[in-house]
Amino acid sequence: MATEGGGKEMNEIKTQFTTREGLYKLLPHSEYSRPNRVPFSSQGSNPVRVSFVNLNDQSGNGDRLCFNVGRELYFYIYKGVRKAADLSKPIDKRIYKGTQPTCHDFNHLTATAESVSLLVGFSAGQVQLIDPIKKETSKLFNEERLIDKSRVTCVRWVPGSESLFLVAHSSGNMYLYNVEHACGTTAPHYQLLKQGESFAVHTCKSKSTRNPLLKWTVGEGALNEFAFSPDGKFLACVSQDGFLRVFNFDSVELHGTMKSYFGGLLCVCWSPDGKYIVTGGEDDLVTVWSFGDRRVIARGHGHKSWVSVVAFDPYTTSVEESDPLELSGSDEDFQDLLHFGRDRANSTQSRLSKRNSTESRPVSVTYRFGSVGQDTQLCLWDLTEDILFPHQPLSRARTHTNVMNATSPPVGSAGNSVSTPGNAAPPPLPRSNSLPHSAVSGAGSKSSVADGAVASGVSKFATLSLHERKDRHHEKDHKRNHSMGHISSKSSDKLNLVTKARTDPAKTLGTALCPRMEDVPLLEPLICKKIAHERLTVLIFLEDCIVTACQEGFICTWGRPGKVGLLSSQNQASSPGGTVV
């Protein structure tokens, strides 16, 4: 696949990019793949995934990574930006027959230099617990596929637990397991525990304790991904029906929901402080949802195809801390009822802050997150205070760009935030360029002329005349059904028909669940670069690098600014590739 398109295609692949913090460089010597480095034929195979764990050993090189390619699973020492990758010596390698690995997750709580617990989900529905250091297979769950026959889409250890893990399937079901319990030799019988709008939770009805402990049925269609909040108390799920649903995990209470512009949602992540959730999916957009306000606060358009991964960069995000506020809302009765035997540790990542007091708002806020997609592009985004707090003094010079205005109800108020019918033009909105040279403090100094130009740009995008944008940039249409780049209508009527056909019962477009494009700020990416030949499936932010992977099976390391120079003297002798110029 790497040679398709000839030299011109090769030249399109970027090996470095610059942001306000400096130059990021692709490090060829730090690329991981199958030992023979032959590109993998990605047709019909499950996405390549990467999991990291640090063993906290004394050598200072405790990072390990696991990745799947086709039917194969590899476990390597990860040397990052420091030393060249040694592909000839995987610590563990497994080849599976009849099924393929689809996802995996390390238990960071129990990892040591001598032992590590790795969960692996498979395309046929099973989940395996292995120790790649001891090269042991401890247990196989759902072995006879009596619990669920569909593909495992996501598997995660429950935060703070040594034994509990959660598994999502393309059937739309999630199951809570305990590694110490057996699965039983017959299909489980369930008893309803709790149900709400578009979800139900069942316990396993059995004389003896067995897996699964709980069965969650969420939404319609496949449950594509879920993510625990930084403090482990909340669970965000995204489904093929296009909904984000956020639950209190212990009390099984639905905290809030959001609907995609159209199509399924494929990926989800939390901000490091738990205040915001970002999703991506088949509408080609990234959508930012406020946990406290329970509403969409911004959308970002930069991808030309489905967004496959979103992730926050905790090392570039800058948020002034405030006093924590307990947001659990757990029901003690449910705690007793669901006695999972979990002793959740106090999370060092838990930094939920006061939300309703203007005095507690940070003086300066910048959240950095990234996204990768099937268009082979990496996008970085900055979520700044002019978007988060549009009514602070910083934005008073831009009163015409505020989302809340005299002609429409406040977005955060009860009820639907529908734009006022009959308006000739939508209200102008803030648009964040996130340019490297633009400081956050300068956001309020824009002229009204500039605001008018921004508003015009947003208005044009809101009418979905995207063919003009694509002609201007000579971009290739990816021609996916229900994909943002495929719509060429000059009015939103066509989109409304498509959306209604898919989600007519909820009638979500133009409501608080799914505001129209003109009702929320539109983010522009800080950078948007083509970095692979095949669709991208991995984006992980580490302290000294960014890790990406594509469906060809190549795991790439991008050195952060100021980190690349550290390796040149160490690796000149050992790495013929050197650093990228």
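Coordinates for the structure precede this section.
Everything in this summary refers to the structure shown in the same document. Since the structure is predicted, the reported quantities are computational estimates derived from the model, not experimental observations. (Residues numbered from 1 in each chain as written. Predicted model: local features only at pLDDT ≥ 70, side-chain atom pairs only at ≥ 80, totals over all residues. Heavy atoms only, no water.)

Below, the discussion takes up the pattern of salt bridges. In total, this model carries 9 salt bridges according to the counting rule given. R156 is the salt-bridge partner of E225, the closest N and O atoms lying 3.9 Å from each other. Here R156 lies in strand β11 (residues 152–157) and E225 lies in strand β17 (residues 223–228), a separation of 69 residues in the sequence. Owing to a relative accessible area of 18%, E225 belongs among the buried residues under this scheme. The partner of R368 in a salt bridge is D382, and the shortest N-O contact between them spans 2.5 Å. On the criterion of sequence distance, the pair formed by R368 in strand β27 (residues 365–373) and D382 in strand β28 (residues 377–384) is long-range, its members being 14 residues apart. For the pair R368 and D382, one class covers both residues: buried. Overlapping salt bridges bring together R20, E21, R368 and D382 as one network. (Salt bridge = Lys/Arg side-chain N within 4 Å of Asp/Glu carboxyl O. Helix = DSSP H or I, 4+ residues; strand = E, 2+ residues; numbered from the N terminus. Buried < 20%, exposed > 50% of the residue type's maximum accessible area, 1.4 Å probe, protein only.)

Another point: the sheet that holds strand β13 (residues 173–178). With antiparallel pairing, 6 strands are arranged side by side in an open sheet as β11-β12-β13-β16-β15-β14. Edge strands, defined here as strands with exactly one partner in the open sheet, are β11 and β14 (189–196). Mean inter-strand twist for the sheet, computed between neighbouring axes without regard to direction, equals 20°. Note: β14 against strand β15 (residues 199–205), 7 bridges, orientation antiparallel. (Pairing = 2+ DSSP bridges. Axes fitted to C-alpha atoms, helices over the stretch in contact; angles between N-to-C directions.)

Before going further, it helps to examine unusual backbone geometry. Peptide bonds are trans in most cases, and residues, glycine excluded, mostly fall at negative phi. Across the junction of N211 and P212, the peptide omega takes the value -5°, indicating a cis bond. We note that N142 has phi near 55°; this positive angle belongs to a residue other than glycine. Looking at the secondary structure, you find N142 in the loop between β10 (136–141) and β11. Its identity as a non-glycine residue notwithstanding, V252 has a phi of 55°, on the positive side. Counting through the fold element by element, V252 comes out in the loop between β19 (243–248) and β20 (253–259). The class of V252 is buried, set by a relative accessible area of 0%.

Here we take up the state of the cysteines. This model, assessed by the stated rule, comprises 0 disulfides. Not engaged in a disulfide, the cysteine C267 finds its nearest cysteine sulfur in C269; these two sulfurs lie 7.6 Å apart. With relative accessibility at 1%, the residue C267 sits in the buried group. (Disulfide = S-S within 2.5 Å.)

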